[in-house]
Amino acid sequence: MKGKNKIIVLSVFILLFLWKAASILVGYSFILPGPEQVFVAMIALLQDLSFYEAVIATALRSIFGLSLAFLSAFGFAYFAWKHTWFANVFSPVLLLMRSVPNISYILLILYWCSRNSSSIIISFLILFPMIYQTLYEALKELQRSYLNVLKIYPKKMKESILQVYLPLLRPAISASICNGIAMSFKVGVMAEILGQVGTGVGRQMQLARLNFDLVTVMAWTGWIILLLFVSDQILKRLLAVLCRGEVS
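These notes cover the structure that comes with them.

Calculation rules
- Residues numbered from 1 in each chain as written.
- Predicted model: local features only at pLDDT ≥ 70, side-chain atom pairs only at ≥ 80, totals over all residues.
- Heavy atoms only, no water.
- Helix = DSSP H or I, 4+ residues; strand = E, 2+ residues; numbered from the N terminus.
- Buried < 20%, exposed > 50% of the residue type's maximum accessible area, 1.4 Å probe, protein only.
- Contact = heavy atoms within 4.5 Å.
- Areas by Shrake-Rupley, 256 points an atom, 1.4 Å probe, with all protein chains shown as cover.
- Salt bridge = Lys/Arg side-chain N within 4 Å of Asp/Glu carboxyl O.
- Core = buried A, V, L, I, M, F, W, Y, C linked by side-chain atoms within 4.5 Å.

**Looking at the overall build of the protein chain**
Here's step 1: Across its full length, the protein chain holds 10 helices and zero strands.
Here's step 2: Counting helices and strands in the order they occur from the N terminus, the protein chain gives α-α-α-α-α-α-α-α-α-α.
Here's step 3: Here the protein chain, with 248 residues, has 38% of them falling under the buried criterion.
Here's step 4: Summarising the internal contacts of the protein chain: among those between residues at least 6 apart in sequence, 73% fall at separations of at least 24.
Here's step 5: In the form shown here, the protein chain has an accessible surface area of approximately 15,000 Å², with 69% of it arising from carbon and sulfur atoms.

Written out as structure tokens, the structure reads:
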């Protein structure tokens, strides 16, 4: 086991120990259940069909919202990079989008739109300015030497994208997508709770809260953490393959 992995495992054990110690000190499982109770509840959720329906529904909404935000932000960022006047005109709009509190987006969109589509729209509005800024700054910081080489030794568009732009933009793209899926999922769950959707992780957590079932609420939280961790690892490896290439 590598040193970094050892530190991660050790940190997890320390957190579990502190959690167990705190639950013993509290002495009431309905206030702070122990990790073993939450783990048993997590396993029990796997035996319920509604678990998979909720996860799939929330994941689809999150992925759709992230995809819409990323594609739109990339298009706007590229156009702003090519045309300074557009970047200057769009700057106040971007500032406004970034200044609006997340809870305001959630409440307003829930007021205007249907419950099922609200989480997608909310994810888009929250993720778009973040992804746009990341990609725009990355495009501005592209090494001019590589771009000048392309002018001297022009390549086909496909080769330029695969061998130059994607490798250079890989960190920005990876950060945008990996951070975006986590934010989209969390914001989506919050919107599902407030919007009271028919199916979703937020719906299941809300039902558990109404039943004063803290163990189930924490079990769902545990699954969210695990799902986002697995998604992050898969996306990083997928992006590494898609953005692989050597600048020549």
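Once you've had a look at it, read on.
**Some details on the pattern of salt bridges**
Any two side chains of opposite charge can pair, on the condition that their charged atoms come close.
Here's step 1: Summed over the entire model, instances satisfying the criterion amount to three salt bridges.
Here's step 2: Across the salt bridge formed by Lys20 and Glu36, the nearest N and O atoms sit 2.9 Å from each other. Taken together, the residues span a long stretch of sequence, with Lys20 in helix H1 (residues 3-26) and Glu36 in helix H2 (residues 35-45) at a distance of 16 residues.
Here's step 3: Overall, Lys20 belongs to the partly exposed group, its relative accessible area being 30%.
Here's step 4: The salt bridge involving Glu137 is made with Lys140; its shortest N-O contact spans 3.6 Å. Of this pair, Glu137 and Lys140 both sit in helix H6 (residues 115-140), separated by three residues, roughly a single helical turn.

**What about the nonpolar core?**
Here's step 1: Ile131 and Tyr132 are the most contacted members of the largest nonpolar core, which has 38 residues in total.
Here's step 2: Secondary structure elements with two or more residues in this core: helix H3 (49-82), helix H4 (84-99), helix H5 (102-112), H6, helix H8 (157-195) and helix H10 (214-242).
Here's step 3: If you tally residues by element for this core, the top one is H6, at 12 residues.
Here's step 4: Not counting residues up to four positions away in its chain, the partners in contact with Ile131 are Leu66, Ala69, Phe70, Ala73 and Ser176.
Here's step 5: Formed by 19 residues, the second largest nonpolar core is a distinct cluster that contains Ala41, Leu45, Val215 and Leu228.

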